[in-house]
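# What the coordinates show
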Amino acid sequence: MPDLARRTTGPPVFLRLAAHPLRWQLLTALATGDHRVRELGAQVGHPQSLVSYHLRLLRDAGLVTATRSSFDGRDSYYHLDLDRCAHALADSGSALHPALRRDPVPPPGPLAVLFVCTGNSSRSPIAESLLRHHTAGAVTVTSAGSRPKPRLHPHTIRVLRGSFGIDAAGRRPRHLDTLAGQRFDHVITLCDRARETCPEFPDRPRRTHWSVRDPATPEGGTDATYSAFERAAADIDTRVRHLLPVLAATYRQEGLP
């Protein structure tokens, strides 16, 4: 991976990449969730060939990754590596002056967040547990599935306990239908199928998609492995931690008490 904060005779690499107007539009779009090339093209108003070219530059720099859709293998979802962006941006600031470093994220206020996947047995309960953990219960968090499994996957319980000290043994999957009419500030889908089938909720909550592969059916095999759950949980934890300032901003914008 290139050193994105490296200075030669000009600004750091990260700043040169991000300063391009189209690449900045793409980074901004991907900061809200994972998207396909045609969706990005529609958002930025440029042909897919040009969008693909700039996405390749961002991928070469390690800022963006692409994964095949688990719902339609002809499609790929592009994902912004927020951790790498955060470090590159902080390093770019400190290259100018050591005092220009990231400030702590303020805790979000009382909001309602719903995580959705198909089975509600791995990805969405992991996200639910991690957001509740990182906010110490300040945010009302729920998860559900469009076709819920009878119980949590055993590796879900194991990875939450082993990696984060969270006990989810008593948790049971729930159906999306049980939440009809409830109000949420944010609705986040974690699987590509759920994104297409998730219903609308009152008051038009903010919708975000995280394209996270089902760890119970990892690519390259049919047997679930614990390492797949560790990777999925680490990915979701990164996304949840970067969701915190978004929730804090939502809380401030809505002027909640």
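A brief report on the enclosed structure follows. (Residues numbered from 1 in each chain as written. Predicted model: local features only at pLDDT ≥ 70, side-chain atom pairs only at ≥ 80, totals over all residues. Heavy atoms only, no water.)

### Section: the packing of aromatic side chains
Overall, the coordinates contain two aromatic pairs when judged by the stated rule. Plain terms: the ring middles of Phe-115 and Trp-210 are 5.8 Å apart, the flat faces sit at 45° to each other, and that makes the pair tilted. Of this pair, Phe-115 sits in strand 3 (residues 112-117) while Trp-210 sits in the loop between strand 6 (206-209) and helix 9 (226-254), and the two are 95 residues apart along the sequence. Exposure class is identical for Phe-115 and Trp-210. Each is buried. Arranged with centres 5.4 Å apart and planes meeting at 85°, the rings of Phe-184 and Phe-201 form a pair that is edge-to-face. In this pair, Phe-184 is assigned in the loop between helix 7 (154-164) and strand 5 (186-189) and Phe-201 in the loop between helix 8 (192-197) and strand 6, connecting sequence segments 17 residues apart. One exposure class covers both Phe-184 and Phe-201, and it is buried. Between Arg-158 and the ring centre of Tyr-226, over which it is positioned, the NZ or CZ distance is 3.6 Å. (Phe/Tyr/Trp six-rings, centres within 6.5 Å; stacked < 30°, edge-to-face > 60°. Helix = DSSP H or I, 4+ residues; strand = E, 2+ residues; numbered from the N terminus. Buried < 20%, exposed > 50% of the residue type's maximum accessible area, 1.4 Å probe, protein only. Lys NZ or Arg CZ within 6 Å of the ring centre and 35° of its normal.)

### Structural notes on the side chain of Arg-36
With respect to the helices, strands and loops of the structure, Arg-36 is situated in the loop between helix 2 (21-30) and helix 3 (37-44). Classification of Arg-36 by relative accessible area gives buried; the value is 13%.

### A look at the packing of helix 6 (residues 123-134) against helix 7
In contact at an axis separation of 10 Å, helix 6 and helix 7 are set at 25° when each is read in the N-to-C sense. The angle between helix 6 and helix 7 places the two elements in the roughly parallel class. In this structure, helix 6 meets helix 7 at a crossing whose hand is right-handed. Residue-level inspection shows Pro-125, Ile-126, Ser-129, Leu-130 and His-133 of helix 6 in contact with helix 7, the latter providing Thr-156, Val-159, Leu-160 and Phe-164. Of the residues contributing to the contact of helix 6 with helix 7, the split by class is six nonpolar, three polar and no charged. (Axes fitted to C-alpha atoms, helices over the stretch in contact; angles between N-to-C directions. Parallel < 35°, antiparallel > 145°, perpendicular 65-115°, else oblique. Left-handed = near helix turned anticlockwise from the far one by under 90°. Contact = heavy atoms within 4.5 Å. Nonpolar A, V, L, I, M, F, W, Y, C, P; charged D, E, K, R; others polar.)

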